[in-house]
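Per-entry structural report
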Amino acid sequence: MDAKTGFEVTLLTGPALQAQVDVLAFTTFGDPSKDAVFKSADQALGGHLAEVAKAESFEGKPGQSLSIYTHGKIPAKRVVVIGAGGRGDFSNANLRDVTAAIAQSANKVNAASVAFVLPVLGANRDALLAQMAVEGVHLGTYKFGRYLTSEDQKKPHSLKSFGLVTDVKGKKPNASQTKQLTAAIARGAAIAQATNYARDLINEPAAVATPAHIAAQAQALAKKHKGSLSVTVLDAKKCAELGMGMFLAVGQGSDQEPRFVHMTYKPAKKPKKKIALIGKGVTFDSGGYSLKPSASMEDMKIDMSGAAAVISAMDAIATIGSENEVHAVTALCENLVSGRAYKLGDVLTSMDGTTVEINNTDAEGRLTLGDAITYARTKIDPDEMFDFATLTGACMVALGPYTAGVMSDNEPLVKNWLAAAQQTGEDMWRLPLNTRLREQLKSPIADMRNTGDRYGGAITAGLFLKTFAKDTPWVHVDIAGPASTSSNRPSQPKGGTGFAVATIVEYATKR
Ligand code: BES
Ligand code: MG
Ligand code: ZN
């Protein structure tokens, strides 16, 4: 049971057409007259479904849907059909938006129970589809409602149970299938709940989601998973002792004290490898003295989305279990202006001794991340490092608002990472880490400066980070675009998306 959304997703046995539910839902792939599930439902409803489909020009295309009353012809009160397009074009991840849309329409008609017929797309996809179905239900019913006060908006969801049915006619799954599907359902719930947790952290205003507040959330997660998950929180004094001159400079203009968070998941057995996850944790990015114009600053509470992703992913990793030792690291601070703020022309000394001339205080993420990467590299000594950061507007110019930019000079590692993203359906695309652009980062008075010139801004940011990753296998993921959204999609309401949580968990845990 999801304490927050208040419903449960379960495996239902028994024929779908006999399910005692408010809504019986299924997908139709293209022409309904050729779809087996549609045909058997239509038969049970005395041809009524096909009649309505014809009248409403329902052709099983993506985005199309049908909803009819059953008038007692079957135990379910209502049948909802969602168009899914051609079977060949349907990816597992597409199912998230399907079940998200079903859960939303169930809530709209005050339905308490849904039975959903899992599509059959090849036996080896059954478990993944079940996982995606569960994720969709949790993601689609997410709402950041803390600050809504009207009765109508505070109304809890009507949905109490969402059942997955493997076959319309009630052919029961065998013991091993049942075991697989049950595990997939638990996995989907853990991933989606962690994603929603990240959404909450991102959507919370910066006045509340301060460095100290986010550190406390990490501590709460460690407490929840005591035994496998632990956390260390460093204050500004401790970070100064470690020599984190770049991180501390970014935070020094704010009255909110910075925090450095290090979470560790340890498996019961000897770990296969050590993975370090590093998240950008700027709780508000005003730009500093290179001040952002108001319209660009408006959403900058989301500038800790990388931190939210790595912290939240640890929750799902601890729930699911991993054979790897996994670390999450984030340098949390606010980038503000004040009499104490860092300035253009300042020269900072990073944790690894590199000196950096500041030519733009709005390129603060790479400064905080640079020290976090050095910390991860030297204190954890990981086999692999990944960083997640709302780092550059340039990455959005290059790839649009829905796709993350992936940069690395380690071929096998970046291939494995992109394969995990392919599984989860999170949009990621590789950008070249062209070392020729490093010349843009030259400074006459320090080892380097923090920004380049106009062209290749996502890449020069990546090259800046590479300085600190050194030879440790490392992948940089710029999530400036997909970390939040201003357009509605069933599985992604407006606001923080929790992007990268699913792929991190997919990568770090074995199914
Ligand atoms: N946090 C921003 C990047 C960002 C922009 C994230 C839009 C999400 C949406 C980052 O700190 C920043 O300000 N980057 C600058 C870099 C520039 C000064 C080289 C940018 O992209 O303009
Ligand atoms: Mg900035
Ligand atoms: Zn920023």
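Here is a short report on the structure shown in this document. Position numbers for residues start from 1 in each chain and track the written sequence from start to end. Each chain gets a letter, beginning with A, and each ligand a number, beginning with 1, in the order they are written. Local features in this predicted model are restricted to residues of pLDDT 70 or higher, and side-chain atom pairs are both shown and tallied only at a pLDDT of 80 or more, whereas totals for entire chains, interfaces and linings draw on every residue. Note that water and hydrogens are dropped before the side-chain values are worked out from all heavy atoms of the structure.

**Regarding the coordination of the magnesium ion (ligand 2)**
The donor set covers N, O and S atoms within 2.8 Å of the metal, switching to 3.2 Å for Na, K and Ca, and it leaves out water, so a site may look short of donors. Within the protein, the magnesium ion (ligand 2) binds to Asp285 (OD), Asp362 (O), Asp362 (OD) and Glu364 (OE); these donor distances fall in the range 2.0 to 2.2 Å. A four-donor site is called tetrahedral if each angle lies between 85 and 135 degrees; a four-donor site is square planar, and a six-donor site octahedral, when trans pairs exceed 155 degrees and the remaining angles lie between 65 and 115; all other cases are labelled irregular. Each of the six donor atoms around the magnesium ion (ligand 2) contributes to a set of angles spanning 71 to 167°, which defines the coordination as irregular. Read N to C, the donor residues that coordinate the magnesium ion (ligand 2) are spaced as D-x76-D-x1-E. Taken as a pair, the magnesium ion (ligand 2) and the zinc ion (ligand 3) lie 3.2 Å from each other and share Asp285 as a ligand. Only protein chains enter the area calculation, which uses a 1.4 Å probe; residues under 20% of their type maximum are buried, those over 50% are exposed, and those in between are partly exposed. Assessed through its relative accessible area of 1%, Glu364 is described here as buried.

**Focus: the environment of Ile317**
Going along the chain from the N terminus, every DSSP run of H or I of four or more residues is numbered as a helix, and every run of E of two or more is numbered as a strand. For Ile317, the location among the structural elements is in helix H11 (residues 305-320). Taking relative accessible area as the criterion, Ile317 reaches 0% and is therefore assigned buried. Sequence spacing of Ile317 and Ala190 is 127 residues, and the spatial spacing of their C-alpha atoms is 8.4 Å. Among all residues touching Ile317, those that are not within four sequence positions of it are Tyr265, Ser322, Val326, Ile504, Val505, Ala508 and Thr509. Should any heavy atoms of two residues lie within 4.5 Å, those residues are considered in contact.

**Some points on the coordination of the zinc ion (ligand 3)**
Perfect tetrahedral coordination of a metal by four donors corresponds to 109.5 degrees between them, and perfect octahedral coordination by six donors corresponds to 90 or 180 degrees. Those donors, Lys280 (NZ), Asp285 (OD), Asp303 (OD) and Glu364 (OE), are the protein atoms that reach the zinc ion (ligand 3), and they lie 2.0 to 2.4 Å from it. Taken together, the six donor atoms coordinating the zinc ion (ligand 3) span angles of 78 to 173° at the metal, a pattern that classifies the geometry as octahedral.

**Digging into the sheet that holds strand S13 (residues 384-389)**
Following DSSP output, two strands are said to pair if at least two bridges run between them. Taken in spatial order, the eight strands make up an open sheet running S7-S8-S10-S9-S13-S17-S14-S15, and their pairing is mixed. Lying at the two open borders of the sheet, with one neighbouring strand each, are strand S7 (229-234) and strand S15 (428-430). Strand-to-strand twist across the sheet, computed as the mean angle between neighbouring axes with direction ignored, equals 20°. Sheet strands touched by helix H7 (residues 211-224): S7, strand S8 (259-265), strand S9 (274-285) and strand S10 (325-335). Its angle to S7, the strand with the most contacts, is close to 160°. Angles shown run from 0 to 180 degrees and are taken between the N-to-C directions of axes, each axis being a line fitted to C-alpha atoms and, for helices, limited to the stretch in contact.

**Some words on the nonpolar core**
Nonpolar cores were defined as sets of buried Ala, Val, Leu, Ile, Met, Phe, Trp, Tyr and Cys residues, with membership established by side-chain atoms within 4.5 Å. Of all hydrophobic cores here, the largest spans 54 residues; its most connected members are Phe388, Trp417 and Ile504. Per element, the largest residue contribution to this core is ten residues, and it comes from H11. Once residues within four sequence positions are removed from consideration, Ile504 is found in contact with Leu277, Ala309, Val310, Ala313, Ile317, Phe388 and Trp417. Counting 45 residues, the second-largest nonpolar core is a separate cluster that includes Leu367, Ile380, Ala389 and Leu391.

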